[in-house]
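Residue-level structure breakdown
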Amino acid sequence: MFFPFGLKDFIDIFLVAVMLYSVYRVMKESRSLNVFIGILVFVVVWLFVSQIMEMRLLGSIMDKLVSVGVIGLIILFQDDVRKFLYNLGAHQHIRRFTRLFSNEGKQHDDTADKEAIMAVVLACLSMSKRKEGALIVIERATSLMEVADTGDKIDANINQRLIENIFFKNSPLHDGAMVIADKRILAAGCILPVSHSFDIPKELGLRHRAALGISQECDALAIVVSEETGGITVAIAGKFYLRLSAEKLESILTEEKAFG
């Protein structure tokens, strides 16, 4: 027996498919794909028992398991849920919409942005030549205040010499990360979440894992200067851009609107 199928039904199926695909991607990135498959199998069995077979006793038991299980899954995968919501709020189209109701919609000072970018680029180039390790995290839509609280507050204008002095080998803050927000150096010596991805090349060290970790958790942009090779790397949205020249680093910071 056929049932009417209209535009509303198509939209309903499409939205469910998008939701399932989003959950699948989150589970895959967190190495929990088997859990996702198990949940999917349970949902299919639950729908078959309660909707098709209409087994009231078994269906009611599974209904209770589903209602409790949702809360359990949120608790179990709270970090992944938080990451998903961060990525959703930091999406390009969402940010454009929120700018209509915030001060972000105002015209930026292009000269100040250019000066901040050049200060960071020149500092990274200088440290690269001397093979001084550095890790700089630039805040964008997602606040990095929690990360900044793990280090020492600085609250200073972005300055090439200051950046180089902070990451000087004998400096007590050179091992941690520097956090830049609102065109100011907010803190240094900060602790970042470390990525446990198996896709990271073995020659990359702890700074690179920390840069990738923070870029996976939020929309921040992380710059790494390798202490071993002097190579400059940028991590954005869980991806590495390796062996960058000063020109390429400037181009990425400009295109990604790191300071504006």
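Residues numbered from 1 in each chain as written. Predicted model: local features only at pLDDT ≥ 70, side-chain atom pairs only at ≥ 80, totals over all residues. Heavy atoms only, no water.

1. Let's talk about the overall build of the protein chain
A count of helical and extended segments in the protein chain gives 10 helices and 7 strands. Residue burial in the protein chain is summarised as follows: out of 260 residues, 35% are buried. Put simply, of all contacts in the protein chain between residues at least 6 apart along the chain, 60% involve residues at least 24 apart. Accessible surface, the protein chain as shown: approximately 16,700 Å² in total, 61% of it carbon and sulfur. (Helix = DSSP H or I, 4+ residues; strand = E, 2+ residues; numbered from the N terminus. Buried < 20%, exposed > 50% of the residue type's maximum accessible area, 1.4 Å probe, protein only. Contact = heavy atoms within 4.5 Å. Areas by Shrake-Rupley, 256 points an atom, 1.4 Å probe, with all protein chains shown as cover.)

2. Re the sheet that holds strand E6 (residues 232-236)
Judged by pairing direction, the sheet is mixed, and its 7 strands sit side by side in the order E2-E4-E3-E1-E5-E6-E7 without closing on themselves. Whereas interior strands pair on both sides, the edge strands pair on one side only; in this sheet they are strand E2 (152-157) and strand E7 (239-241). In this sheet, neighbouring strand axes are inclined to one another by 20° on average, regardless of whether the strands run parallel or antiparallel. Where strand E5 (residues 221-225) and E6 come together, 5 bridges link them in antiparallel fashion. Bridge pairing in E6 places alanine 222 opposite alanine 235. Here helix H6 (residues 110-130) sits on the sheet and contacts strand E1 (134-138), strand E3 (177-181), E5 and E6; the angle it forms with E5, its principal contact strand, is near 25°. Contacts from helix H9 (residues 206-217) reach E1, E5, E6 and E7 within the one sheet, and its direction differs from that of E5 by about 175°. (Pairing = 2+ DSSP bridges. Axes fitted to C-alpha atoms, helices over the stretch in contact; angles between N-to-C directions.)

3. Overview of unusual backbone geometry
Of note, aspartate 182 is a non-glycine position whose phi angle comes to about 55°, a positive value. Topologically, aspartate 182 is positioned in the loop between E3 and strand E4 (184-190).

4. Remarks on the packing of H6 against helix H10 (residues 246-255)
It is at 10 Å that the axes of H6 and H10 come closest, and there the two elements cross at 145°. As H6 runs across H10, the sense of the crossing is right-handed. Contact with H6, carried on its side by Lys114, Ile117, Met118, Val120, Val121, Cys124 and Leu125, involves Ala246, Leu249, Glu250, Leu253 and Thr254 of H10 and no other residues of that element. When the residues that make up the contact of H6 with H10 are grouped by side-chain class, the tally is 9 nonpolar, 1 polar and 2 charged. (Left-handed = near helix turned anticlockwise from the far one by under 90°. Nonpolar A, V, L, I, M, F, W, Y, C, P; charged D, E, K, R; others polar.)

5. Examining the nonpolar core
The nonpolar side chains of a soluble globular protein tend to be buried, and buried together. Within the largest apolar cluster, 33 residues are counted, with the highest numbers of intra-cluster contacts made by Val120, Ile136, Ile163, Ile223 and Leu253. The element that contributes the greatest number of residues to this core is H6, accounting for 8 residues. Residue contacts for isoleucine 223: discarding those within four places in its chain leaves Val120, Cys124, Ala134, Leu135, Ile136, Ile138, Ile232, Thr233, Val234, Leu249 and Leu253. Listed in part, the 20 residues of the second largest apolar core include Val137, Leu144, Ala187 and Ala220. (Core = buried A, V, L, I, M, F, W, Y, C linked by side-chain atoms within 4.5 Å.)

6. Considering the pattern of salt bridges
Applying the stated criterion to the full structure yields 9 salt bridges. For aspartate 113, the salt bridge identified is with lysine 183, shortest N-O distance 3.0 Å. Here lysine 183 lies in the loop between E3 and E4 and aspartate 113 lies in helix H6, a separation of 70 residues in the sequence. Residue class for aspartate 113 comes out buried when judged on its relative accessible area of 11%. Residue lysine 183 is classed as partly exposed on the basis of its relative accessible area of 27%. With a shortest N-O distance of 3.2 Å, glutamate 164 and arginine 130 are connected by a salt bridge. Separated by 34 residues along the polypeptide, glutamate 164 in helix H8 (residues 160-166) and arginine 130 in helix H6 bring together distant segments of the chain. The exposure class assigned to glutamate 164 is buried, which follows from its relative accessible area of 13%. What you see here is one network of salt bridges that share partners, running through Arg130, Glu132 and Glu164. (Salt bridge = Lys/Arg side-chain N within 4 Å of Asp/Glu carboxyl O.)

7. Focus on the confidence of the model for the protein chain
The predicted coordinates should not be examined in detail at positions where pLDDT is low. Of all residues in the protein chain, 83% attain a pLDDT of 70 or more, and the chain-wide mean is 82. Mean pLDDT in the protein chain bottoms out at helix H5 (residues 92-99), which sits at 51, and peaks at E1, which reaches 97. Note that pLDDT drops below 50 for residues 104-108; the model gives that stretch 4 contacts with residues more than four away or on any other chain. (pLDDT = per-residue confidence, 0-100.)

8. Notes on H9
With 12 residues, H9 should reach 16 Å at 1.5 Å per residue; the first-to-last C-alpha distance of 17 Å fits that figure. Lining the buried residues of H9 we find E1, helix H7 (145-148), E5, E6 and E7. (Expected span 1.5 Å × (residues − 1).)

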